[in-house]
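Each chain, letter by letter, is given below.
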Amino acid sequence: EQFCLCDADWKGSLCQVSAACADNEVLAADGTCCAGILMADQTCCPSGVTNSDGLCCATTASEIDGCGRCSPPGSAEVRRDSLGVCCEEQYITGDGFCCVPPSEPDECGVCDGVGNCPRSQTGTAASEQFATVDELWLSGAITDFEEQYAAAAGLEGTDGEVTSQFTVQTSRRLQHADGRELAITGF
């Protein structure tokens, strides 16, 4: 094992630390002891934290936010929106964009919205009564369902509308030779 024998004024595995500095400090270019980290220009960064641009953060802003900037401990959560703009989390809209203060997203996630949120209900139904979605639509069952749902949800007049979306899926049943059902698969 190799090691360095340091002069009396130096210590460390490579004799790189002044004996005047504490064990957790390094010597800066100006001859002072630095408890943080040394920057590329050999100046001391006391916080020991650098931002995304490589600049030293002040000790009062020693945390990095979601945008790579120096931030005081416990400050508001910040992240980039859908366009890459830094934005406080509370101002991110439902579609991922920053709602620039003093504007605010409403409870629906719309910037400066009025709180008239769309309501959604998802359901699955299987029907062997209709061979195609067209047959189902022409039967009037969809219109009846939409009207009944609108009334139950309190969507009267211009308050909103109910729309239906369909996914057609076929399936097959796998059966064992003795008639036991093994699985139902969709494709």
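Being a predicted model, the structure only gives us computed values, none of them experimental.

Student: Any chance you could explain a nonpolar patch on the surface here in plain terms?
Tutor: Together, Leu-83, Val-85 and Phe-97 make up an exposed nonpolar region whose accessible area comes to about 280 Å². Tracing the sequence through the fold places Leu-83 in the loop between strand S9 (78-80) and strand S10 (86-88). Assessed through its relative accessible area of 65%, Leu-83 is described here as exposed.

Student: I tried to follow the state of the cysteines on my own but got confused; where do I start?
Tutor: Disulfide: a covalent bond connecting the sulfur atoms of a pair of cysteines. Here the structure, examined in full by the defined rule, presents eight disulfides. Note on cysteine connectivity: Cys-57 is disulfide-linked to Cys-70, with sulfurs 1.9 Å apart. When the S-S torsion is -80 degrees, as for the bridge of Cys-57 with Cys-70, the disulfide is left-handed. Note that Cys-57 is positioned in the loop between strand S6 (44-45) and strand S7 (63-64) and Cys-70 in strand S8 (residues 70-71), a separation of 13 residues in sequence. The disulfide that involves Cys-67 links it to Cys-86, with 2.3 Å between the sulfurs.

Student: What's the story with the pattern of salt bridges in this structure? I'm lost.
Tutor: Any two side chains of opposite charge can pair, on the condition that their charged atoms come close. Following the criterion strictly, the structure yields three salt bridges and no others. Among the salt bridges present, the one from Asp-65 reaches Arg-69, with a minimum N-O distance of 3.1 Å. The exposure class assigned to Asp-65 is buried, which follows from its relative accessible area of 13%. Glu-89 serves as the salt-bridge partner of Arg-79, at 2.9 Å between the closest nitrogen and oxygen. Of this pair, Arg-79 sits in strand S9 while Glu-89 sits in the loop between S10 and helix H1 (133-138), placing them ten residues apart in sequence.

Student: Would you explain the confidence of the model for the chain in this entry?
Tutor: One rule of thumb: low pLDDT means the predicted coordinates there are not for detailed reading. For the chain, the mean per-residue pLDDT works out to 79, and 74% of the residues sit at or above 70. Between the elements of the chain, mean pLDDT differs from a low of 49, seen in strand S12 (residues 181-186), to a high of 93, seen in S8. Taken together, the stretch residues 182-187 has pLDDT below 50 and engages in 20 contacts with residues farther than four places along the chain or on a different chain.

Student: Help me out: how do you make sense of the environment of Phe-97 in this one?
Tutor: Of note, Phe-97 is situated in the loop between S10 and H1. When the C-alpha positions of Phe-97 and Val-110 are compared, they lie 9.6 Å apart, and in sequence the two are 13 residues distant. Not counting chain neighbours up to four residues away, the residues in contact with Phe-97 comprise Asp-81, Ser-82, Leu-83, Tyr-91 and Ile-92.

Conventions used here
Each chain carries its own residue numbering, running from 1 in the written order of its sequence. Only residues with pLDDT of at least 70 get local features here, since the model is predicted, and only at 80 or more are side-chain atom pairs given and counted; chain-wide, interface and lining totals rely on the full set of residues. No hydrogens and no water enter the side-chain calculation; it runs on all heavy atoms of the structure. Only residues above 30% relative accessible area that lack a salt bridge enter a patch, with like-charged residues linked at up to 9 Å and the nonpolar side chains Val, Leu, Ile, Met, Phe, Trp and Tyr linked at up to 5 Å. Throughout, the Shrake-Rupley method with a 1.4 Å probe supplies accessible areas, and for residues the shown protein chains are the sole cover considered. Any Lys or Arg side-chain nitrogen found within 4 Å of a carboxyl oxygen on Asp or Glu counts as a salt bridge. For the purposes of this entry, the term helix denotes a DSSP run of H or I that reaches at least four residues, the term strand denotes a run of E that reaches at least two, and both are numbered from the N terminus. Whether a residue is buried, partly exposed or exposed follows from its accessible area with a 1.4 Å probe, protein chains only, as a fraction of its type maximum: under 20%, in between, or over 50%, in that order. A pair of sulfur atoms, both from cysteines and within 2.5 Å, is called a disulfide here. On a range of 0 to 100, pLDDT expresses the predictor's confidence in each residue. Note on contacts: a residue pair is in contact if any heavy atoms of the two residues lie within 4.5 Å.

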